[in-house]
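A structural walkthrough
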Amino acid sequence: MGSFKKYNTVRDFQDSTYVLKLVYPGIGDTGETLTIRSQYSKEFREAKARATRQISTLTISRKGKDLDEDEIKLIEDTQFAALIADWSFEEECTVENIIEFLDANPQVYDLINTTAAQDTLFLKKVEKK
């Protein structure tokens, strides 16, 4: 049997990022990049928990009435934006700019979503002693 200490997502994924080249339809490689965090990163896990709390609070406060779709979308988009650690664009990498960029480029949203879930891209190799 092995030690449980061998398995530690905080150690193995916490600060890992992956640089994703931006490919634009009909153009190809743009020279721009997005630095993506793992789905296991602290930033994304905290954003996900915060979004869940916000939606729960809204649900309770609305007392069974339908939630505003735009409000839910903003919460979910803010959560998703936590997957982007940095980018090469001249604009600052803020939540607002990330959301604007992803709204205009849904194919990039899909690419980030699948990339962030590819654990092998982020997994740090455990050093053998």
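Conventions and cut-offs
Residues numbered from 1 in each chain as written. Predicted model: local features only at pLDDT ≥ 70, side-chain atom pairs only at ≥ 80, totals over all residues. Heavy atoms only, no water. Helix = DSSP H or I, 4+ residues; strand = E, 2+ residues; numbered from the N terminus. Buried < 20%, exposed > 50% of the residue type's maximum accessible area, 1.4 Å probe, protein only. Lys, Arg positive; Asp, Glu negative; His and termini not counted. Charge placed at Lys NZ, Arg CZ, Asp CG, Glu CD. Expected span 1.5 Å × (residues − 1). Arc of directions from axis to C-beta.

What the protein chain contains, in helices and strands, is five helices and three strands. Principal-axis analysis of the C-alpha atoms places the extent of the protein chain at approximately 55 × 45 × 25 Å. With 129 residues in all, the protein chain has 29% of them scored as buried. When the 18 basic and 23 acidic side-chain charges of the protein chain are each reduced to a single mean position, those positions are 14 Å apart.

Bringing helix 2 (residues 42–61) into the picture now. An ideal rise of 1.5 Å per residue puts 28 Å on 20 residues; helix 2 measures up with 28 Å between its terminal C-alpha atoms. Taken together, the buried positions of helix 2 are occupied by Phe-44, Ala-47, Ala-51 and Leu-58. End-on view of helix 2: buried residues confined to an arc of 60°, all on one side of the axis. In helix 2, the exposed residues that point more than 90 degrees away from the buried face are Arg-53, Thr-57 and Ile-60. Lys-63 sits one or two residues past helix 2 and shows a positive phi near 50°.

Remember that the coordinates give geometry; whether it matters functionally is a separate question.
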